[in-house]
Amino acid sequence: MPHDICPWRYAYLFDNPVRRLFHNPSRMLQEYVKDGMNVLDVGCGMGFFSIGMARLVGPAGRVFSVDVQPEMLRVLTKRAARKGVADRIEPHCCGSEDLGFSAEVEFILAFWMVHEVPDQYALCTQLRSVAHSGCKMLIAEPKMHVTKDDLQATIETAQKAGWEYLGDAAVRLSHSAVFTPANSFSAGAP
């Protein structure tokens, strides 16, 4: 496992019921995630947002939950089953440099994980390749690890990878940015 990735056992420190006071998935994402949609939770961890999005997409929708750590996906699968939404969530273990994911999605969430990725351009390019034409992508980064300048660098990288920056989102304890696929884009070097 790459050294910059939060070990799965540490996820219990912030992926717990108290977190809902700061990050309520339904409230935070209801603007972006609707019934019947296919959505991607990249760096899903133990499924805090995947489970919330599974409720929002309903029985006709799908949540593709992607993480590099199999342990995270095992916990997610158990939690989703307990919450009655396992049939809406498709866990996918990716490589450290390749999502290995190709299904088209209408919303992408990258919550508190982009700062852990060494090649953000490659990540943003891969995410762009699975984005439906009207897709929205929300990147949120923790204020305790990521500065506003760091987020600005991520915004610029995403723009080079074919994303149009739409503005910030109100996400507590976070710097955030919302994107949609740019109308004209041809992949090139960052």
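Structure first, text after, so check above.
Residues numbered from 1 in each chain as written. Predicted model: local features only at pLDDT ≥ 70, side-chain atom pairs only at ≥ 80, totals over all residues. Heavy atoms only, no water.

As summarised here, the arrangement of the 7 strands in space is β3-β2-β1-β4-β5-β7-β6, forming an open sheet in which the pairing is mixed. If you trace the sheet from one side to the other, it starts and ends with β3 (89-93) and β6 (163-167), each paired once. Adjacent strand axes in the sheet meet at a mean angle of 20°, parallel and antiparallel pairs treated alike. Here strand β1 (residues 38-42) pairs with strand β4 (residues 105-111) via 4 bridges, running parallel. Following the sheet pairing, Asp41 is matched in β4 by Leu109. The strands touched by helix α4 (residues 70-83) are β2 (62-67) and β3; relative to β3, the strand with the most contacts, the crossing angle is about 170°. In the packing of helix α5 (residues 120-129) onto the sheet, contacts are made with β1, β4, β5 (131-142), β6 and β7 (174-181), and the angle to β5 comes to roughly 145°. (Pairing = 2+ DSSP bridges. Helix = DSSP H or I, 4+ residues; strand = E, 2+ residues; numbered from the N terminus. Axes fitted to C-alpha atoms, helices over the stretch in contact; angles between N-to-C directions. Contact = heavy atoms within 4.5 Å.)

As a further point, take the packing of aromatic side chains. Taken as a whole and assessed by the stated rule, the structure comprises 6 aromatic pairs. Here Phe49 and Phe111 contribute two aromatic rings whose centre-to-centre distance is 4.4 Å and whose plane-to-plane angle is 40°, an arrangement assigned as tilted. A residue pair is termed long-range when its members are at least 10 positions apart, and Phe49 in helix α3 (residues 48-57) and Phe111 in strand β4 qualify at 62 residues. Taking relative accessible area as the criterion, Phe111 reaches 7% and is therefore assigned buried. With centroids separated by 5.8 Å and ring planes inclined at 55°, the aromatic side chains of Tyr165 and Phe179 adopt a geometry described as tilted. (Phe/Tyr/Trp six-rings, centres within 6.5 Å; stacked < 30°, edge-to-face > 60°. Buried < 20%, exposed > 50% of the residue type's maximum accessible area, 1.4 Å probe, protein only.)

Attention now goes to the pattern of salt bridges. Taken as a whole, this structure holds 2 salt bridges when the rule is applied. Across the pair Glu90 and Arg62 runs a salt bridge whose closest N-O atoms are separated by 3.8 Å. Residue Glu90 is located in strand β3, and its partner Arg62 is located in strand β2; the two are separated by 28 residues in the primary sequence. Judged by relative accessible area, Glu90 falls into the partly exposed class, the value being 37%. Between Lys148 and Asp168 there is a salt bridge; the shortest N-O distance is 3.6 Å. In this pair, Lys148 sits in helix α6 (residues 148-160) while Asp168 sits in the loop between β6 and β7, placing the two residues 20 residues apart along the sequence. The exposure class assigned to Asp168 is partly exposed, which follows from its relative accessible area of 49%. (Salt bridge = Lys/Arg side-chain N within 4 Å of Asp/Glu carboxyl O.)

Within the secondary structure, Arg88 is located in the loop between α4 and β3. We note that Arg88 is buried and unpaired, the nearest opposite charge coming from Asp87 at a distance of 4.2 Å. Engagement of the side chain of Arg88 in a polar contact is seen with the backbone oxygen of Ala54, the distance being 3.0 Å. If sequence neighbours within four positions are ignored, Arg88 has contacts with Ala54, Arg55, Gly58, Pro59, Gly61, Arg62 and Val63. (Lys, Arg positive; Asp, Glu negative; His and termini not counted. Polar contact = N/O pair within 3.5 Å; in protein donor to acceptor, adjacent residues only side chain to side chain.)

If you trace the backbone, His175 turns up in strand β7. For the pair His175 and Thr147, spaced 28 residues apart in sequence, the C-alpha to C-alpha distance is 7.8 Å. Among the polar contacts made by the side chain of His175, one reaches the main-chain carbonyl oxygen of Val146 at a distance of 3.2 Å.

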